[in-house]
Amino acid sequence: MNSNDNFPEPEWTVEEWTEAWTIRVGKAYACLVCGNMVMVTKGGVGVMEPRCCDKEMEEVERPV
Ligand SMILES: [Zn+2]
């Protein structure tokens, strides 16, 4: 049995944080209202929350 069962979330390591905050090239977002689309062409670290038509844009897979 795991004695850490009552422990909430384990602490994030630096690597996990870096992973979570990395903006990957090729990540794309689409506006479900007007069909507008944006794609990340240069990677970076931060939070990507593109908005269009006063709504959050939906993350989409990179078009093939
Ligand atoms: Zn839009």
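Definitions and limits used
- Residues numbered from 1 in each chain as written.
- Predicted model: local features only at pLDDT ≥ 70, side-chain atom pairs only at ≥ 80, totals over all residues.
- Heavy atoms only, no water.
- pLDDT = per-residue confidence, 0-100.
- Helix = DSSP H or I, 4+ residues; strand = E, 2+ residues; numbered from the N terminus.
- Donors = N, O, S within 2.8 Å, 3.2 Å for Na, K, Ca; no water.
- Pairing = 2+ DSSP bridges.
- Axes fitted to C-alpha atoms, helices over the stretch in contact; angles between N-to-C directions.
- Phe/Tyr/Trp six-rings, centres within 6.5 Å; stacked < 30°, edge-to-face > 60°.
- Buried < 20%, exposed > 50% of the residue type's maximum accessible area, 1.4 Å probe, protein only.

Digging into the confidence of the model for the protein chain
Summary statistics for the protein chain give a mean pLDDT of 85 and a share of 86% for residues scoring 70 or more. Mean pLDDT in the protein chain bottoms out at strand E4 (residues 44-45), which sits at 86, and peaks at strand E5 (residues 51-52), which reaches 96.

Digging into the coordination of the zinc ion
For the zinc ion, every protein donor is listed as Cys31 (SG), Cys34 (SG), Cys52 (SG) and Cys53 (SG), and the spread of their distances is 2.3 Å. Donor residues for the zinc ion, ordered by position in the chain, follow C-x2-C-x17-C-C. Residue Cys34 is found in the loop between strand E2 (28-30) and strand E3 (37-39), and its partner Cys53 is found in the loop between E5 and strand E6 (55-56); the two are separated by 19 residues along the sequence.

Focus on the sheet that holds E2
If you walk across this open sheet you meet the 3 strands as E3-E2-E7, and the pairing is antiparallel. The strands lining the two open edges of the sheet, one partner per strand, are E3 and strand E7 (58-60). Going across the sheet, the axis of each strand differs from the next one's by a mean of 30°, ignoring polarity.

Description of the packing of aromatic side chains
One pass over the structure, following the stated rule, counts 2 aromatic pairs. Seen in terms of ring centroids, Trp12 and Trp17 are 4.6 Å apart; in terms of plane orientation they differ by 50°. Their pairing is tilted. With relative accessibility at 44%, the residue Trp17 sits in the partly exposed group. Taking 6.4 Å as the distance between ring centres and 45° as the angle between the ring planes, the aromatic pair formed by Trp17 and Trp21 counts as tilted. Placement of both Trp17 and Trp21 in helix H1 (residues 14-21) is noted, with a separation of 4 residues, approximately one turn of the helix. Taking the relative accessible area as the measure of exposure, Trp21 reaches 37% and is therefore partly exposed. Here a set of aromatic residues connected by ring pairs shows up, and it is made of Trp12, Trp17 and Trp21.

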